[in-house]
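Structural description and commentary
What follows is each chain in one-letter form.
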Amino acid sequence: MENKRLLSIDIFRGLTVILMTIVNNPGDWGHIYAPLEHAEWHGYTLTDLVFPSFLFIVGISTVLSKPSEDQLWKIFKRALRIFLLGLSLSFFSKIHAGDFTLVVRLLAMAAATVAFLGDYSLKKQFWVAVGAFVFMIVLCFSGLTDFEHVRIPGVLQRIAVVYLLVGLLHFYASLRIQIVVFIASLVGYWALMHFVEVPGIGAANLEVNKNLAAWLDNYLLEGHLWASSKTWDPEGILSTLPAVATGLAGLFAGRYLQGSAKASVLFAAGAIALVAGTIWGWYFPINKALWTSSYVLVAAGWDLLLLAILQATIRSDHYWKPVLIFGMNPMLVFFFSGIIPRVLGMIKIGEDGLTSWIYSQGIEPLFADKINASLAGALIYVVIWAGILAFFDSRKRYYKV
């Protein structure tokens, strides 16, 4: 039962990483199937379910981790290292060194890899992370031109904060308190977004760039937000509150999986969450960018349904190895998927970066439909990663923070 439970979770994680890799690396950003794009604002697509699935898995994994005397050190160390991996990606394109820019950027990422994915003593990992965190934040606010617009929030950064809070709640708070925090974060966020006036704007609203979450992001982190908006961030400060509820949903699922878990119960819980989130969405629209409370419930519902199906159907890993290798090295894929395309984009063939040139010359001409060509480019990237991960798996090399 234990192996089956762990297997289904690893497959769940692997499927999530594969989907993330596909949606983040199309051959052509101008031609993408609708389910592989984010919803423009309200509503959701398959792509919008990827990020909450990671946070859901964070909650499950927190339950499965074994407590130790150094648990508090481990929680803070891991949260800092995840945060810093994300912040390192934000720094990548901000590093400039004339003709040596690419070399310096690669050296900086190599240093980040060793520092934040390296395996050395716990206390050294912690203090290296603390020192690096202080150094990077100082650079962000130093006034230096290169770093004045480094994005501080981000996907890994949100995962880090959610892991920190969920980890502390799991190891140092009762189930009753966890449930109270879960409900309070959802209801409290709904109340803030619906009833608190937005300074300088007026009545509470859910409009792009005019809502309370956007105002708080811009007020506290002006100049250090998502480049596509510059004035708000989809992984911003206030919306992290309901994101913690997503992690707690995974925590509750993990607690249930520790016992004699039944797929039927997981399925029922998923259906209830999905219906509840959909109904709440009529009043508090489902919105990934705002991470609305209805979105939390809908995403958790789909996660529970998938987990239930895996629990009910998975018997062995015989046919799942290509998926499992993604689930066993997720941080390696996430971090380097953020670096590799940028590096290849800096290697120019004519006016195109290497990736664009390979796609335009070697992949796109093979397809009459540009959307299919774009999807093929993403799938080829997944296959390349499968080969890399198979290599590491054959040598039992798994990188964790």
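What counts and what doesn't
- Residues numbered from 1 in each chain as written.
- Predicted model: local features only at pLDDT ≥ 70, side-chain atom pairs only at ≥ 80, totals over all residues.
- Heavy atoms only, no water.
- Helix = DSSP H or I, 4+ residues; strand = E, 2+ residues; numbered from the N terminus.
- Rg over C-alpha atoms; globule rule 2.2 N^0.38 Å.
- Buried < 20%, exposed > 50% of the residue type's maximum accessible area, 1.4 Å probe, protein only.
- Areas by Shrake-Rupley, 256 points an atom, 1.4 Å probe, with all protein chains shown as cover.
- Lys, Arg positive; Asp, Glu negative; His and termini not counted.
- Charge placed at Lys NZ, Arg CZ, Asp CG, Glu CD.
- Patch = residues over 30% accessible without salt bridge, like charges linked within 9 Å, V, L, I, M, F, W, Y side chains within 5 Å.
- Salt bridge = Lys/Arg side-chain N within 4 Å of Asp/Glu carboxyl O.
- Phe/Tyr/Trp six-rings, centres within 6.5 Å; stacked < 30°, edge-to-face > 60°.
- Lys NZ or Arg CZ within 6 Å of the ring centre and 35° of its normal.
- Axes fitted to C-alpha atoms, helices over the stretch in contact; angles between N-to-C directions.
- Parallel < 35°, antiparallel > 145°, perpendicular 65-115°, else oblique.
- Contact = heavy atoms within 4.5 Å.
- Nonpolar A, V, L, I, M, F, W, Y, C, P; charged D, E, K, R; others polar.
- 1 Å grid on protein atoms, 1.4 Å probe; cavity = no way out; pocket = protein on both sides within 12 Å on 5 of 7 lines; lining within 4 Å.
- Points joined across faces, edges and corners; volume = space filled by probe spheres on them.
- Left-handed = near helix turned anticlockwise from the far one by under 90°.

Looking at an unreviewed UniProt entry, one finds the protein named Heparan-alpha-glucosaminide N-acetyltransferase domain-containing protein, with Aquirufa novilacunae as its source organism.

1. Notes on the overall build of the protein
A tally of regular secondary structure across the protein gives 15 helices and two strands. Scaling as 2.2 N^0.38, a compact globule of 401 residues should have a C-alpha radius of gyration of about 21 Å, and the protein matches this with 21 Å. Put simply, the protein has 401 residues, and 49% of those count as buried. About 19,200 Å² of surface is accessible on the protein, with carbon and sulfur atoms providing 67% of the total. One way to put it: in the protein the 29 positive side-chain charges average out to a point 12 Å from where the 25 negative ones average out.

2. Re a nonpolar patch on the surface
Judged by side-chain polarity, Phe-100, Val-103, Val-104 and Leu-107 come together as a nonpolar surface patch covering roughly 390 Å² of accessible area. Here Val-103 is to be found in helix 4 (residues 101-117).

3. Overview of the packing of aromatic side chains
Here the structure, examined in full by the defined rule, presents 19 aromatic pairs. Judged by centre distance (5.1 Å) and plane angle (85°), the rings of Phe-51 and Trp-291 are edge-to-face. With Phe-51 in helix 2 (residues 50-64) and Trp-291 in the loop between helix 10 (263-281) and helix 11 (293-313), the pair connects residues that are 240 residues apart, well separated along the chain. Of the two residues examined, Phe-51 and Trp-291, each falls in the buried class. Taken together, Trp-41, Trp-226 and Trp-232 form an aromatic cluster joined through their ring pairs. When the ring centre of Trp-73 is taken as reference, the NZ or CZ atom of Lys-123 above it lies at 5.1 Å. Positioned above the aromatic ring of Trp-291 is the side chain of Arg-158, whose terminal nitrogen or guanidinium carbon lies 5.2 Å from the ring centre.

4. Looking at the packing of helix 7 (residues 175-195) against helix 11
Running from N to C, helix 7 and helix 11 point in directions that differ by 135°, and their axes come no closer than 8 Å. The pairing of helix 7 with helix 11 is recorded here as oblique in orientation. Only Ser-293, Val-296 and Leu-297 of helix 11 make contact with helix 7, whose side of the interface consists of Phe-182, Leu-186, Tyr-189 and Trp-190. Taken together, the residues of the contact of helix 7 with helix 11 break down into six nonpolar, one polar and no charged.

5. Notes on unusual backbone geometry
Positioned with a positive phi, Asn-209 is a non-glycine residue whose angle comes to about 70°. Its location among the elements puts Asn-209 in the loop between helix 7 and helix 8 (212-221). We classify Asn-209 as partly exposed; its relative accessible area is 38%. Positive phi, close to 50°, is recorded for Trp-291, a residue that is not glycine. Classification of Trp-291 as buried rests on a relative accessible area of 0%.

6. Remarks on the environment of Val-333
One can find Val-333 in helix 13 (residues 330-346). Taking the relative accessible area as the measure of exposure, Val-333 reaches 0% and is therefore buried. In this view, Val-333 contacts Val-17, Met-20, Thr-21, Phe-326, Trp-385 and Leu-389; residues no more than four positions away in its chain are not counted.

7. Things to note about empty space enclosed by the protein
Per the counting criterion, the structure on display carries two cavities of 30 Å³ or more. Of the pockets and cavities examined, the largest cavity occupies roughly 70 Å³. For the largest cavity, the full set of lining residues is Ile-22, Val-23, Pro-26, His-31, Ile-32, Tyr-33, Leu-36, Ile-371, Ser-374, Leu-375 and Ala-378. Among the secondary structure elements, those contributing two or more residues to the lining of the largest cavity are helix 1 (2-24) and helix 15 (370-394). Here the element with the most residues in the lining of the largest cavity is helix 15; it accounts for four residues. Here the second largest cavity defines a volume of roughly 40 Å³. In terms of lining, the second largest cavity is formed by Asn-211, Ala-213, Ala-214, Asp-217, Trp-232, Asp-233, Ser-239, Ala-289 and Leu-290. Taken together, the residues of the lining of the second largest cavity sort by class into five nonpolar, two polar and two charged.

8. What about the layout of surface pockets?
Approximately 1,500 Å³ is the volume found for the second largest pocket. Lining the second largest pocket are 41 residues, with Arg-13, Ser-61, Arg-78, Lys-400 and Val-401 sitting closest to its centre. Elements that contribute at least two residues to the lining of the second largest pocket include exactly helix 1, helix 2, helix 3 (71-92), helix 5 (122-140), helix 6 (155-172), helix 12 (321-328) and helix 13.

9. Quick word on the packing of helix 2 against helix 11
Where helix 2 meets helix 11, the closest approach of the two axes is 10 Å, and the angle between their N-to-C directions is 65°. In this view, helix 2 runs roughly perpendicular relative to helix 11, as classed from their interaxial angle. Crossing geometry of helix 2 relative to helix 11 is assigned as right-handed. Across from Pro-52, Ser-53, Phe-56 and Ile-60 in helix 2, the residues of helix 11 making contact are Tyr-295, Ala-299, Ala-300, Asp-303, Leu-304 and Leu-307. Looking at the contact of helix 2 with helix 11, its residues break down into eight nonpolar, one polar and one charged.

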